[in-house]
Amino acid sequence: MAKYVFNAWYAVATSEDVRAELLSRTLLEESIVLFRTEDGIVRALIDRCTHRFAPLSQGRLCADRVVCPYHGMEYDWSGKCVRIPGQDRIPAQARVKSFPVLERYGLIFVWMGDPDLADPALLVDISQYSSPQWGISRCYSKFGCNWRLITDNLIDPAHTTFVHQRTIGNDAGADIPLNSELIGEGTVSCGRWINNSAPVPIVKRFANPAGNVDRWQFYYVRAPATCWVDFGCLPTGTEHTAEEQAHAPYRVISYAFLTPINESATHYFSFQLRNVAAKDVVVTQEFERLYLATFEEDRVLLEQIQRAEDANPNLKPMYIASDSGVARLRRLVDKQLQEQ
Amino acid sequence: MAKYVFNAWYAVATSEDVRAELLSRTLLEESIVLFRTEDGIVRALIDRCTHRFAPLSQGRLCADRVVCPYHGMEYDWSGKCVRIPGQDRIPAQARVKSFPVLERYGLIFVWMGDPDLADPALLVDISQYSSPQWGISRCYSKFGCNWRLITDNLIDPAHTTFVHQRTIGNDAGADIPLNSELIGEGTVSCGRWINNSAPVPIVKRFANPAGNVDRWQFYYVRAPATCWVDFGCLPTGTEHTAEEQAHAPYRVISYAFLTPINESATHYFSFQLRNVAAKDVVVTQEFERLYLATFEEDRVLLEQIQRAEDANPNLKPMYIASDSGVARLRRLVDKQLQEQ
Amino acid sequence: MAKYVFNAWYAVATSEDVRAELLSRTLLEESIVLFRTEDGIVRALIDRCTHRFAPLSQGRLCADRVVCPYHGMEYDWSGKCVRIPGQDRIPAQARVKSFPVLERYGLIFVWMGDPDLADPALLVDISQYSSPQWGISRCYSKFGCNWRLITDNLIDPAHTTFVHQRTIGNDAGADIPLNSELIGEGTVSCGRWINNSAPVPIVKRFANPAGNVDRWQFYYVRAPATCWVDFGCLPTGTEHTAEEQAHAPYRVISYAFLTPINESATHYFSFQLRNVAAKDVVVTQEFERLYLATFEEDRVLLEQIQRAEDANPNLKPMYIASDSGVARLRRLVDKQLQEQ
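This structure is a prediction, so every number in the text was calculated from the model and none was measured.

A.B. asks: Would you take a moment to explain the confidence of the model for chain A for this structure?
C.D. replies: Note: predicted coordinates in regions of low pLDDT should not be interpreted at a detailed level. Chain-level pLDDT for chain A is 96 on average; 100% of the residues reach the 70-or-more range. The ipTM, which scores confidence in the relative placement of chains, is 0.95 for this predicted complex, and the corresponding pTM is 0.95.

Structure representation (structure tokens):
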């Protein structure tokens, strides 16, 4: 079984990170160099000169050419070598691999697999993005664990009750069953309604509803590693319809784009779309702080689990009822990994 | 040959360390969680939930139950799972291993081997402990080396002359032969009298005898890793009898309980019983400082030896005359390791 | 193929480093202890007692004997054990290996291979050393990479254009061809003249020539790892003869003695002989600073290349025209390594 699904879009940077200069990032155990050419388009090449393997990212970007820091070999944005100092002939193998790039949602996505399959339509479509009704907050974290521990976590609403009591969880949901399903060919969902209970801390802070609420938490993972959580609440007694949800007093859709760095480290790019105080910069900052703190709770726990698994490679998890989403997603991703 | 002797009591904490909250410790490559139930008794479980291997020690102790930090599974002190949120039936395999615990001498001892063999009588009996004639000082250190390098060191009076000239050694003993013997089935002793010589620094400091002394140093290791050093002196000319030793102007029995963390790290729990200034708190503090400093001298050296052995795995030690206790103990422990 | 050429002189310390006390150094994966006996001669032994492998360097030097820190075994400078406390007979195997030592050019050189081949005449002869016309500056660095990446770098004048624009390079030389050759049986040279160009920064700083210069850069490596760079300039139009070079307004011969610590770390002992401001202490300090900064530029890059090679062990470099010296040296050293 492969370690990674290569044919997928992976976030590796924010739009702001990438300018007309060289930036090194690592994903799927490969170092790449990112830069914007003068036309504003982001490019991605292997970060390793063909000559002696010097990191191109430590060189210079000069007239849209990447200049190797060691002997000045120059590559254009397609990866073709266009100059070798001290030598007229440029051999055909003087070429570094380039990767398809997509800039969307304020993020830079790279396709590390077969470039012929790099269809932009495969990136998740986010209808609320850019709508003035929705505010946006962003955060980034690096998790010291395998990416699949994080996708397990992000198809698992049950853990919020125990891990995130300070922000997005409380005791109310502990025993309420979850429903999971496969949507289309590649997305798993898992969620539930928790009715007639006190609002969780983050809802109290930003919407402060008068009485009890019916809270929904629906988690989605598009295999391999695009995750989102649809979370909100209605006054208890309101009908549970999509239309009511569309006008809920509090709703947040939190996206997470996970990118394996290697088998034991993962980039975690995230943003939250919220329907409260959409334009309020202070609220945006508070969301960024609260969500980062929430993800930190996951990170600490998942890194401990990673160490336990590393120390005991023969252990098998014991599935429980609330793992139905996890089990479904594991099967789906195993299939993707095996088919490669 | 096994790496550890499992059927033995191993110190893992002081009594003070363990309260009505969760504490993680590692021994013999296994992480355990320690806690006191409401009856005051110390309990020990594997520190790893059966579900997804989260460290139980990062959860909460609630009404004598250990609550997993990830999904709230609850275990009683026997390791039996008594609640799985979102699920009524609790499968039989939802059980974490528990370990026999013994609290004695201000320390918590755990038995990692066959629980049916966990006989409290196998712990060393210390008659002087709790006697008002004996003062007690304690210290803890973590050694970055294999436990057997430390037991070698603690059955070896010869090294004190060279390693510990600042506290418990001086040049006098260098060439005086050592006698080693097997006591009963499981204890090795190695020692000697060093007659008519100047007192070593620690004796000068706390007993300040008028002239030369006859100093004894008898080292004991009960296999695998319970060690004690009986050390004292009599005015030169006094008869060398147990009765005279019982009233010696200076005598310290220093205990060391060694617990392998893994092959290259070891817990070193220690206390010293002294017959001088038994109730003097300042002397106790000074003993703690001096013994910790003495063990630090050993630690630095043994960690260097560990690195030399790791770098040169085929080297064989060259036994010398003063190694008779070491050789005897090695044979005894090898036998224990092979019989497992 | 062996990892190191053992039959060679390797620098391991400066003369100042070694006094009448014990000093530990590691080369070719072996730890040695260095010391000066009372006759002022530097000695080198394996830094590991035959008994229990304690590092002798942590003991004491006492009347020209090395005393082991653990049990006081004493060795003379030839490595012969001359005392075992507690034991009269000294077995023949109680002997630590000693190594031939040569003190020259303010450095201590050790021979780790067959001692019968340790001919002082094999050390490079430096005629300018100790001449009052030449000033000397020194520096030391530890490179976190394989020694052969550094010898590649030091037979490669082409990289100065791109890596060292702040000190010893500028754009002028980029496309000027290099000539490499094998000199005698064991030295490779690679160099060129760069004519009628602006002086590089370090020349401007110390010689400030009026107009353009003809600059030479000739790099030499005596296999396996003794390296020197002959670098200087003449006013453009001057004939390129050895005699003119001998009276050049600016000339520096920079020596580097590389000593593998292990496969991924290397001692880099260096000194520069300069024909400008030979006795000026302030200039000496400035040279030390500038050359250390220059080597730091190499170090950072070579350590990145080492990591790239470690992560991609199957990559093969793509040789370019300016690699002729590198290729020649690689062949020569491969032969030395295979013949061992």
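A.B. asks: What is the right way to look at the relation of the copies chain C and chain A in this model?
C.D. replies: Both copies of the chain are related by a screw-like operation: a rotation about an axis and a shift along it. With an RMSD of 0.1 Å, the operation that places chain C on chain A is a rotation of 120° combined with a shift of 0.2 Å along the axis. In short, the pair behaves as if placed about a three-fold rotation axis. Distance from the rotation axis, computed per C-alpha, reaches its smallest value in chain C at Asp310(C): 13 Å.

A.B. asks: When you look at the domain arrangement of chain A in this model, what are you seeing that I'm missing?
C.D. replies: It is common to give the size of an interface as the accessible area that goes away when the parts come together. Residue and element names in this part refer to chain A. The assigned domain composition of chain A is domain 1 (9-121) and domain 2 (130-339). With centres defined by C-alpha atoms, the gap from domain 1 to domain 2 works out at 34 Å. Taken together, the contact between domain 1 and domain 2 spans 14 residues of the former and twelve residues of the latter. Taken together, both faces of the contact between domain 1 and domain 2 bury some 1100 Å²; the carbon and sulfur share is 66%. Summed over the shared surface of domain 1 and domain 2, the result is zero salt bridges.

A.B. asks: Looking at this model, I keep getting lost on helix α5 (residues 281-311) of chain A. Mind explaining?
C.D. replies: The α-helix advances 3.6 residues per turn, and as a result positions three or four apart in sequence lie on the same side. Along its 31 residues, α5(A) runs 45 Å from first to last C-alpha, staying within 8% of the 45 Å computed at 1.5 Å per residue. The backbone nitrogen of Val282(A) lies 2.9 Å from a side-chain oxygen of the residue at the head of α5(A), namely Asp280(A).

A.B. asks: Looking at this structure, I do not really get the interface of chain C and chain A. What am I missing?
C.D. replies: Between chain C and chain A, the contact holds 27 residues from the first and 21 residues from the second. Both sides of the chain C and chain A interface together cover about 2100 Å² of buried area, and 60% of this is carbon and sulfur. Area buried by chain C at its contact with chain A is led by Phe162(C), Met318(C) and Ile320(C), which between them contribute 31% of it. Inspection of the region where chain C meets chain A yields two salt bridges. The salt bridge partner of Arg83(A) is Asp175(C), with a shortest N-O separation of 2.7 Å. Summed over the shared surface of chain C and chain A, the number is ten residue pairs in polar contact (both at pLDDT 80 or more). Broken down by secondary-structure element, the contributors of at least two residues to the side of chain C that touches chain A are α1 (147-154), α2 (160-163), α5 (281-311) and α6 (324-339) of chain C. Among the elements that line the side of chain C that touches chain A, the one with the most residues is α5(C), at six residues.

A.B. asks: What is the right way to read the packing of α1(C) against α6(C) from this model?
C.D. replies: Each pair of packed helices can be described by the angle between their axes along with the distance between the axes. Residue and element names in this part refer to chain C. Direction vectors running N to C along α1 and α6 enclose 145°, while the axes themselves pass 9 Å from each other. In this structure, α1 crosses over α6, and the sense of that crossing is right-handed. Of the residues in α6, those in contact with Trp-147, Arg-148, Leu-149, Thr-151 and Asp-152 of α1 are Val-326, Leu-329, Arg-330, Val-333, Asp-334 and Leu-337. Looking at the contact of α1 with α6 residue by residue, the classes come out as six nonpolar, one polar and four charged.

A.B. asks: Would you take a moment to explain the sheet that holds strand β3 (residues 30-36) of chain B for this structure?
C.D. replies: Sheet strands pair via backbone hydrogen bonds, and the direction of the pair is either parallel or antiparallel. Residue and element names in this part refer to chain B. With antiparallel pairing, three strands are arranged side by side in an open sheet as β2-β3-β4. In this open sheet, the two strands that pair with only one neighbour each are β2 (23-27) and β4 (42-46). Direction aside, the axes of adjacent strands within the sheet are offset by 35° on average. Examined bridge by bridge, β2 and β3 share five bridges and lie antiparallel to one another. When the sheet's bridge partners are listed, Thr-26 is paired in β3 with Ser-31.

A.B. asks: Any chance you could explain the interface of chain C and chain B here in plain terms?
C.D. replies: Opposite the 21 residues of chain C that make contact, chain B presents 27 residues. Carbon and sulfur atoms supply 60% of the area buried between chain C and chain B, which totals about 2100 Å² over both sides. When residues of chain C are sorted by the area they lose upon contact with chain B, Arg52(C), Phe53(C) and Tyr70(C) head the list and together hold 37% of the total. Applying the counting rule to chain C against chain B returns two salt bridges. Among the residues making up the side of chain C that touches chain B, the classes are represented as ten nonpolar, eight polar and three charged.

A.B. asks: Would you mind going over the packing of aromatic side chains with me for this structure?
C.D. replies: The geometry of an aromatic ring pair comes down to the distance between the two centres and the angle between the two planes. Residues and elements named next belong to chain A. Tallied over the entire structure, the rule returns 57 aromatic pairs over all chains. Ring geometry for Phe-206 and Phe-287: centres 4.7 Å apart, planes at 40°, overall tilted. Of the two residues, Phe-206 sits in helix α3 (residues 201-206) while Phe-287 sits in helix α5, which places them 81 residues apart along the sequence. Each member of the pair, Phe-206 as well as Phe-287, carries the same accessibility label: buried. With a centroid separation of 5.8 Å and an interplanar angle of 25°, the aromatic rings of Trp-228 and Tyr-255 are classed as stacked.

A.B. asks: Help me out: how do you make sense of the side chain of His267(A) in this one?
C.D. replies: Residues and elements named next belong to chain A. Mapping His-267 onto the fold places it in strand β17 (residues 265-274). With relative accessibility at 7%, the residue His-267 sits in the buried group. A distance of 2.8 Å separates the side chain of His-267 from the backbone oxygen of Thr-26, its partner in a polar contact. Once residues lying within four places of it in the same chain are set aside, the contact partners of His-267 are Thr-26, Tyr-140, Ser-141, Phe-257, Leu-258, Thr-259 and Ile-261.

A.B. asks: In this structure, what is going on with the pairing of strand β10 (residues 107-111) of chain B? I would like to understand it.
C.D. replies: Where a strand is regular, its side chains alternate between the two sheet faces. Residue and element names in this part refer to chain B. In terms of residue burial, β10 counts as a mostly covered element, since five of its five residues are buried. Of the two faces of β10, the one lined by Leu-107, Phe-109 and Trp-111 and the one lined by Ile-108 and Val-110 are each fully buried. As paired strands, strand β1 (residues 9-14) and β10 are joined by five bridges and run antiparallel to one another. Its bridge partner being in β10, Trp-9 is matched across the sheet by Trp-111. In terms of strand pairing, strand β9 (residues 101-104) meets β10 through four bridges, oriented antiparallel. Residue pairing for β10: Leu-102 is matched across the bridge by Phe-109. In textbook terms, the turn of a hairpin is the stretch between consecutive antiparallel strands, and for β9 and β10 this stretch comprises two residues, one of which, Tyr-105, has a positive phi near 60°.

A.B. asks: Sorry, what's going on with unusual backbone geometry here?
C.D. replies: Peptide bonds are trans in most cases, and residues, glycine excluded, mostly fall at negative phi. Cis geometry marks the peptide bond from Ala223(B) to Pro224(B), where omega comes out at 5°. By the secondary structure assignment, Pro224(B) is in the loop between β14 (213-222) and β15 (226-235). Positive phi is not limited to glycine here, since Phe53(A) has a value of about 75°. Phi at Asn196(C) is positive, roughly 50°, even though this residue is not glycine. Mapped onto the elements of the fold, Asn196(C) is located in strand β13 (residues 187-197).

The rules behind each value
Residues numbered from 1 in each chain as written. Chains lettered and ligands numbered in written order. Predicted model: local features only at pLDDT ≥ 70, side-chain atom pairs only at ≥ 80, totals over all residues. Heavy atoms only, no water. pLDDT = per-residue confidence, 0-100. Least-squares fit on C-alpha atoms with pLDDT ≥ 70 in both. Domains from an automatic or database assignment. Contact = heavy atoms within 4.5 Å. Buried area = accessible area lost by both parts, 1.4 Å probe. Salt bridge = Lys/Arg side-chain N within 4 Å of Asp/Glu carboxyl O. Helix = DSSP H or I, 4+ residues; strand = E, 2+ residues; numbered from the N terminus. Expected span 1.5 Å × (residues − 1). Polar contact = N/O pair within 3.5 Å; in protein donor to acceptor, adjacent residues only side chain to side chain. Axes fitted to C-alpha atoms, helices over the stretch in contact; angles between N-to-C directions. Left-handed = near helix turned anticlockwise from the far one by under 90°. Nonpolar A, V, L, I, M, F, W, Y, C, P; charged D, E, K, R; others polar. Pairing = 2+ DSSP bridges. Phe/Tyr/Trp six-rings, centres within 6.5 Å; stacked < 30°, edge-to-face > 60°. Buried < 20%, exposed > 50% of the residue type's maximum accessible area, 1.4 Å probe, protein only.

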